[in-house]
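Examination of the molecular architecture
The lines below spell out each chain.
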Amino acid sequence: MRSAESIQKQKETLAANKAREIERQKKREDRKLARTVGLRTPIPPAPTRSAALVIDVDWNGLPMQDAKNLYSELQRQYEAAGKILNARAMTEGTSEFYECFMAGKDKCCPKGNKYRMPPRGQDYENGAKDPRTGLITPVRVCGENCWIRYQDLLIKQRRERFLGEGN
Ligand SMILES: [Zn+2]
């Protein structure tokens, strides 16, 4: 007869084995993804902000005016998100052409070229926003060389902003 303790122990061992197997599987997939990314679609993550949504509101206790303001802010955010995501869904995966943001800049590709989608890199964070619709046209960059120079440009701009704030 096996004791309850030994059965419990066996369960724990099985669970631990399973967790390890899941972990190994995940690593295998990550490695595979890294290889795929390296070979075919070398699109590194564009500069992004992390996102978090924490809503913790006492809608009953909040002063009415504050509650109304908050509600309209939520609505604004919700609508903006919808527009941006729609725009992203429309532009992603289409086979239209784009112009490289870095075209004509020092040591970048020549101006006037049209490239087929998808670009080497896209940056929504610094894209042009239509003030009326809230739609964002991302910055699109054609190739490795231009992408590296674009990153340099962002760093330079950030440094200048930082210095500007310091004065
Ligand atoms: Zn380019």
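Residues numbered from 1 in each chain as written. Predicted model: local features only at pLDDT ≥ 70, side-chain atom pairs only at ≥ 80, totals over all residues.

Helix and strand counts for the chain come out as three helices and four strands. Counting helices and strands in the order they occur from the N terminus, the chain gives α-α-β-β-β-β-α. A buried classification covers 11% of the 167 residues belonging to the chain. Taking all contacts inside the chain whose residues are at least 6 apart in sequence as the whole, residues at least 24 apart take part in 49%. (Helix = DSSP H or I, 4+ residues; strand = E, 2+ residues; numbered from the N terminus. Buried ≥ 20, exposed ≤ 12 C-beta atoms within 10 Å, placed from the backbone. Contact = placed C-beta atoms within 7 Å.)

Cis geometry marks the peptide bond from Met117 to Pro118; its omega dihedral reads -5°. Backbone geometry at Lys107 places phi at a positive 60°, although glycine is not the residue there. Position of Lys107 relative to the elements: it lies in the loop between strand S1 (97-98) and strand S2 (115-116).

Here the focus is the environment of Glu96. In this structure, Glu96 sits in the loop between helix H2 (64-91) and S1. Taking the C-beta count within 10 Å as the criterion, Glu96 has 8 such neighbours and is therefore assigned exposed. Put simply, Glu96 and Tyr115 are 19 residues apart on the chain and 8.5 Å apart in space, counted from C-alpha to C-alpha.

A few words now on the nonpolar core. With 10 residues, the main nonpolar core is built from Cys100, Phe101, Met102, Cys108, Val139, Val141, Cys142, Cys146, Trp147 and Tyr150. Going through the elements one at a time, strand S4 (136-141) and helix H3 (144-166) are the ones with two or more residues in this core. Ranked by residues supplied to this core, first place goes to H3 with three residues. Contact partners of Cys142, with chain neighbours within four places excluded, come to Cys100, Cys109, Tyr115, Pro119 and Arg120. (Core = buried A, V, L, I, M, F, W, Y, C linked by C-beta atoms within 7 Å.)

Within S4, five of the six residues are buried, which leaves it mostly tucked inside the rest of the structure. Here strand S3 (residues 121-129) pairs with S4 via five bridges, running antiparallel. When the sheet's bridge partners are listed, Lys129 is paired in S4 with Ile136. (Pairing = 2+ DSSP bridges.)

With that settled, consider the confidence of the model for the chain. Chain-level statistics for the chain give a pLDDT mean of 82 and a share of 83% at 70 or above. Contacts of residues 37-41 to residues separated by more than four positions or lying in other chains number one contact, the stretch itself having pLDDT below 50. (pLDDT = per-residue confidence, 0-100.)

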